[in-house]
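Summary of the model geometry
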Amino acid sequence: MIRLKSKREIEIMERAAKILRQAFEKLRPSMRPGISTLDLDAVAEKAIKEAGGESAFKGYRGFPRTLCVSINEEVVHGIPSPKRKLKDGDIVSLDLGVKYQGYYADAARSWAVGEISAEAQKLIRVAKEAFLAGFDAVRKSGKRIGDLSQAVQEVIESNGFQVVRDYVGHGIGQTIHEEPQVPNFGKAGQGPKIEPGLVIAIEPMVTAGHYSVETLEDGWTVVTKDRRLASHYEDTIAFTDSGPLNLTGPEEN
Ligand code: MG
């Protein structure tokens, strides 16, 4: 069942989203060679706590940390570790969820560490472009989830990349993941109707090679099966009577 949110609930989610944006602003300058992924986790956790929020991911189904840090062939759900350090040339996807007064916001960014390959640069750019195309496809009233799914898929595939099938975007509110599912592939005109009060996370996951993924032995880290690079971009979008709002964006990242 899809649970639509009131204006008041969306206002609380905007505050959760603001805390999340501020955490990303603090993470951005930390993306340099030598920093451990656990240090990045600490930056995120401190930023959220100081702003009066809570980590949405820590403890979620047993995930041990606040931030997901997924490097290069890792797609999502990488676990921060003191042993894993960023290197020049890495492409790093950060996924972060914030809970505030019982409501959630969720967003992800892929960023470069130092000088990255042309392919990695294009992967970062295409994930964001795909997100924006999906968002644009549902700005007008009367649209369906499939309209955004098709738009996201078209941008990714027209750039010669593939789109992950095993993980999708989602509704969000008093739970971090709720209905409806928001696939990054599909057909326009299909799926649930978009209406005021719907709040969703749109989150394309883009692969340079084949879209097949697998989970590592840690039980969390999702990697491409062919070990080619991946990128991820996500924002939380609220649909209101006066149009859609990007709660966790936009910003210069
Ligand atoms: Mg999400």
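See the structure above.
Let me begin by describing the structure that accompanies this report. Computed from a predicted model, the values in this text were never measured in an experiment.

Conventions and cut-offs
- Residues numbered from 1 in each chain as written.
- Predicted model: local features only at pLDDT ≥ 70, side-chain atom pairs only at ≥ 80, totals over all residues.
- Heavy atoms only, no water.
- Helix = DSSP H or I, 4+ residues; strand = E, 2+ residues; numbered from the N terminus.
- Rg over C-alpha atoms; globule rule 2.2 N^0.38 Å.
- Buried < 20%, exposed > 50% of the residue type's maximum accessible area, 1.4 Å probe, protein only.
- Phe/Tyr/Trp six-rings, centres within 6.5 Å; stacked < 30°, edge-to-face > 60°.
- Donors = N, O, S within 2.8 Å, 3.2 Å for Na, K, Ca; no water.
- Pairing = 2+ DSSP bridges.
- Axes fitted to C-alpha atoms, helices over the stretch in contact; angles between N-to-C directions.
- Contact = heavy atoms within 4.5 Å.
- Expected span 1.5 Å × (residues − 1).
- Arc of directions from axis to C-beta.
- Core = buried A, V, L, I, M, F, W, Y, C linked by side-chain atoms within 4.5 Å.

This part covers the overall build of the protein. Within the protein, the secondary structure is distributed over 4 helices and 15 strands. The C-alpha radius of gyration computed for the protein amounts to 17 Å, which stays within 12% of the reference 18 Å derived for 253 residues, consistent with globular compactness. When its C-alpha atoms are laid out on the principal axes, the protein stretches across 45 × 40 × 35 Å. For the protein, buried positions account for 53% of its 253 residues.

Let us look at the packing of aromatic side chains. Tallying each qualifying case throughout the model produces 4 aromatic pairs. Between Phe24 and Trp111 the ring centres are 5.7 Å apart and the planes differ by 75°, which places this aromatic pair in the edge-to-face class. Of the two residues, Phe24 sits in helix H1 (residues 7-27) while Trp111 sits in strand S5 (residues 103-112), which places them 87 residues apart along the sequence. As far as burial versus exposure is concerned, Phe24 and Trp111 are alike and both buried. Considering the side-chain rings of Phe63 and Trp220, the 5.0 Å spacing of their centres and the 85° angle between planes classify their relative orientation as edge-to-face. You can see Phe63 sitting in the loop between strand S1 (54-55) and strand S2 (67-71) and its partner Trp220 sitting in the loop between strand S11 (213-215) and strand S12 (222-224), a full 157 residues away along the chain.

Turning to the coordination of the magnesium ion, a few remarks are in order. Within the protein, the magnesium ion binds to Asp106 (OD), His170 (NE2), Glu203 (OE) and Glu234 (OE); these donor distances fall in the range 2.1 to 2.4 Å. Sequence positions of the donors to the magnesium ion reduce to the motif D-x63-H-x32-E-x30-E. Highlighted residues: Asp106 in strand S5 and Glu234 in the loop between strand S13 (230-232) and strand S14 (235-240), separated in sequence by 128 residues. The class of Asp106 is buried, set by a relative accessible area of 2%.

We now examine the sheet that holds S11. Backbone-to-backbone hydrogen bonds join strands into a sheet, with any given pair of strands oriented parallel or antiparallel. Judged by pairing direction, the sheet is antiparallel, and its 3 strands sit side by side in the order S3-S12-S11 without closing on themselves. Two strands bound the open sheet, and with one partner strand each, they are strand S3 (74-76) and S11. Geometrically, the sheet is characterised by an average inter-axis angle of 40° between neighbouring strands, direction not taken into account.

Moving on to the side chain of Thr221. Residue placement: Thr221 occurs in the loop between S11 and S12. The exposure class of Thr221 is buried, given its relative accessible area of 4%. The residues contacting Thr221, other than those within four sequence positions of it, are Glu74, Val76, His77, Gly78, Ile79, Glu214, Thr215 and Leu216.

Moving on, we come to helix H2 (residues 37-50). For H2, with 14 residues, the first-to-last C-alpha span of 20 Å sits near the 20 Å given by 1.5 Å per residue. Burial in H2 covers these residues: Thr37, Leu40, Asp41, Ala44, Glu45, Ala47 and Ile48. Mapping the buried residues of H2 onto a view down its axis gives an arc of 165°, with all of them on the same face. With respect to the buried face of H2, the exposed residues turned more than 90 degrees away are Lys46, Lys49 and Glu50. Buried residues along H2 sit in contact with H1, S1, S2 and strand S4 (91-100). Note on H2: the residue one or two positions beyond its end, Gly52, has a positive phi of about 85°.

With 40 residues, the main nonpolar core has Leu40 and Leu94 as its most contacted residues. Looking at this core, the elements that each hand over two or more residues are H1, H2, S2, S4 and S5. Considering every element that reaches this core, the biggest residue donor is H1, with 10 residues. Contacts of Leu40, omitting those with residues within four sequence positions, involve Leu27, Ser30, Met31, Ile35, Leu67, Val69, Leu86 and Leu94. Listed in part, the 31 residues of the second largest apolar core include Phe131, Leu198, Ile200 and Leu229.

Let's shift gears to the environment of Ala112. Within the secondary structure, Ala112 sits in strand S5. By relative accessible area, which is 22% here, Ala112 ends up partly exposed. With 40 residues separating them along the chain, Ala112 and Asn72 place their C-alpha atoms 9.9 Å apart. Residue contacts for Ala112: discarding those within four places in its chain leaves Met31, Asp90 and Ile124.

What follows concerns the sheet that holds S13. If you trace the 3 strands from one edge of the open sheet to the other, you get S6-S10-S13, paired in antiparallel fashion. Of all the strands in the sheet, the pair left with one neighbour each is strand S6 (162-163) and S13. As paired elements, strand S10 (residues 205-207) and S13 share 3 bridges and run antiparallel to each other. Within S13, the residue paired with Thr207 across the bridge is Ala230. On the sheet, helix H3 (residues 118-137) packs against S10 and S13 and is oriented at approximately 35° with respect to S13.

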